[in-house]
Amino acid sequence: MARILVVEDDPALARGVVALLRADGHATDAVSEGRSALLLASSESCSLYIVDIGLPDVSGFDVIRRLRARGDRTPILVLTAHDRISELVQGLDLGADDYLVKPFDPSELTARIRALLRRNHGDPNPQVTIGRLTIDHARRTAEVAGRPLHLRPREWAVLACLSAHAGEVVPKQKLLTEVFSFDDDVAPNAVEVHVARVRRQLEPDGPIIRTLRGLGYILDRA
Ligand code: CA
């Protein structure tokens, strides 16, 4: 669905955010230093950055400033401690898109992230219909002819990616990037396994996921 980089030096908070976002279907990684974030961001493509302002090496402001100076337009959600709220304006001026003050409610974080990702994809309509399949991105639910699908986070990510490109070939590598995070130990057949599970859930009356050997997958429009 989306690849998210968390830049947070509080290990417990970073672990919590990563677990929360992975459960929400996002391939997510965390680094504790600003320099590592800038390095990773220059080599890997992300859909969203979550940046803590108080970092041990360079400040979160520096991270935002350098990302934007490089021309990186990826949405940025700023995390800040309560006693640093006065600095938030600076972060937003530098090009951050939204912010959350710690401690925050987990559901608030996931809702803000979905909104940022939707805005970035330029898709104001969170509901998508393909044949008899309906996907509600805001509620993170999908159904085929009224029958709810029971998708695990990575299966949801597979369906979200294929449906965003319905009728087009989605290369296996793209699915791999969008569904698994940078450091996951991914079994070679992991994509096939997840696609097969989603395919079974769509049967018998939903759109068909075709395998194009050596090319990738395609979710039929009809
Ligand atoms: Ca911090």
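Everything that follows concerns the structure shown earlier in this document.
The rules behind each value
Residues numbered from 1 in each chain as written. Predicted model: local features only at pLDDT ≥ 70, side-chain atom pairs only at ≥ 80, totals over all residues. Heavy atoms only, no water. 1 Å grid on protein atoms, 1.4 Å probe; cavity = no way out; pocket = protein on both sides within 12 Å on 5 of 7 lines; lining within 4 Å. Points joined across faces, edges and corners; volume = space filled by probe spheres on them. Helix = DSSP H or I, 4+ residues; strand = E, 2+ residues; numbered from the N terminus. Nonpolar A, V, L, I, M, F, W, Y, C, P; charged D, E, K, R; others polar. Axes fitted to C-alpha atoms, helices over the stretch in contact; angles between N-to-C directions. Parallel < 35°, antiparallel > 145°, perpendicular 65-115°, else oblique. Left-handed = near helix turned anticlockwise from the far one by under 90°. Contact = heavy atoms within 4.5 Å. Pairing = 2+ DSSP bridges. Donors = N, O, S within 2.8 Å, 3.2 Å for Na, K, Ca; no water. Buried < 20%, exposed > 50% of the residue type's maximum accessible area, 1.4 Å probe, protein only. Polar contact = N/O pair within 3.5 Å; in protein donor to acceptor, adjacent residues only side chain to side chain.

## Details of the layout of surface pockets
The gaps left among the atoms become clear once a water-sized probe is rolled over them.
Move 1: In this structure, the second largest pocket occupies an estimated 180 Å³ of space.
Move 2: Lining of the second largest pocket is provided by K172, E192, V195, A196, R199, T211, L212, R213, G214, L215, G216 and Y217.
Move 3: Secondary structure elements with two or more residues in the lining of the second largest pocket: α8 (190-202), β11 (209-212) and β12 (216-219).
Move 4: Counting residues per element, the lining of the second largest pocket draws most heavily on α8, at four residues.
Move 5: The residue makeup of the lining of the second largest pocket, split by class, is five nonpolar, three polar and four charged.

## Some thoughts on the packing of helix α1 (residues 11-23) against helix α5 (residues 106-120)
Move 1: Where α1 meets α5, the closest approach of the two axes is 11 Å, and the angle between their N-to-C directions is 60°. Viewed along their axes, α1 and α5 adopt a mutual orientation that is oblique. The way α1 lies across α5 gives a crossing that is right-handed. Side by side, α1 and α5 meet where V17, L20 and L21 of the first sit next to P106, L109, T110 and I113 of the second.
Move 2: When the residues that make up the contact of α1 with α5 are grouped by side-chain class, the tally is six nonpolar, one polar and no charged.

## Structural notes on the sheet that holds strand β8 (residues 141-144)
Move 1: One open sheet accounts for four strands, arranged β6-β7-β8-β9; its pairing is antiparallel. In the strand order of this sheet, the two ends are held by β6 (127-130) and β9 (147-148), each with one partner.
Move 2: Where strand β7 (residues 133-136) meets β8, four bridges bridge the pair, whose relative direction is antiparallel. In the sheet register, L133 faces β8, and the bridge partner there is V144.
Move 3: Against the sheet, helix α6 (residues 153-164) engages β6, β7 and β8, with an angle of about 110° to β7.

## What to know about the sheet that holds β11
Move 1: Reading across the sheet, the three strands line up as β10-β12-β11 and stay open at both edges, with antiparallel pairing between neighbours. Of all the strands in the sheet, just β10 (169-171) and β11 have a single pairing partner and so form its edges. Averaged over all neighbouring strand pairs, the angle between strand axes comes to 30°, with direction disregarded.
Move 2: Both β10 and β12 contribute to a ladder of three bridges, which runs antiparallel. Bridge pairing in β12 links V169 to I218.
Move 3: The strands touched by α6 are β10, β11 and β12; relative to β12, the strand with the most contacts, the crossing angle is about 75°.
Move 4: Taken strand by strand, helix α7 (residues 172-179) contacts β10 and β12, and its axis lies near 65° from that of β10.

## Side note on the packing of helix α2 (residues 34-43) against helix α3 (residues 60-69)
The packing of two helices is summarised by the inter-axis angle and the distance between the axes.
Move 1: Following both chains from N to C, one finds α2 and α3 inclined at 20°, their axes separated by 9 Å at the closest point. On the basis of their axis angle, the class for α2 and α3 is roughly parallel. For the pair α2 and α3, the sense of crossing is right-handed. Along the contact surface, α2 presents G34, L38 and A41, while α3 presents V63, R66 and L67.
Move 2: Broken down by class, the residue content of the contact of α2 with α3 amounts to four nonpolar, one polar and one charged.

## Quick look at the coordination of the calcium ion
Move 1: Within the protein, the atoms that donate to the calcium ion are D9 (OD), D52 (OD) and G54 (O), at distances of 2.2 to 2.3 Å.
Move 2: All donor residues of the calcium ion come from one chain, and their arrangement in sequence is D-x42-D-x1-G. With D9 in the loop between β1 (3-7) and α1 and D52 in strand β3 (residues 48-52), this residue pair connects regions lying 43 residues apart in the sequence.
Move 3: Relative accessible area serves as the criterion here: at 3%, D52 is assigned to the buried category.

## Remarks on the side chain of T28
Move 1: For T28, the position within the fold is in strand β2 (residues 27-31).
Move 2: A distance of 2.9 Å separates the side chain of T28 from the backbone oxygen of H26, its partner in a polar contact.
Move 3: Among residues more than four places away in sequence, those in contact with T28 are I4, V6, V18, L21, R22 and S181.

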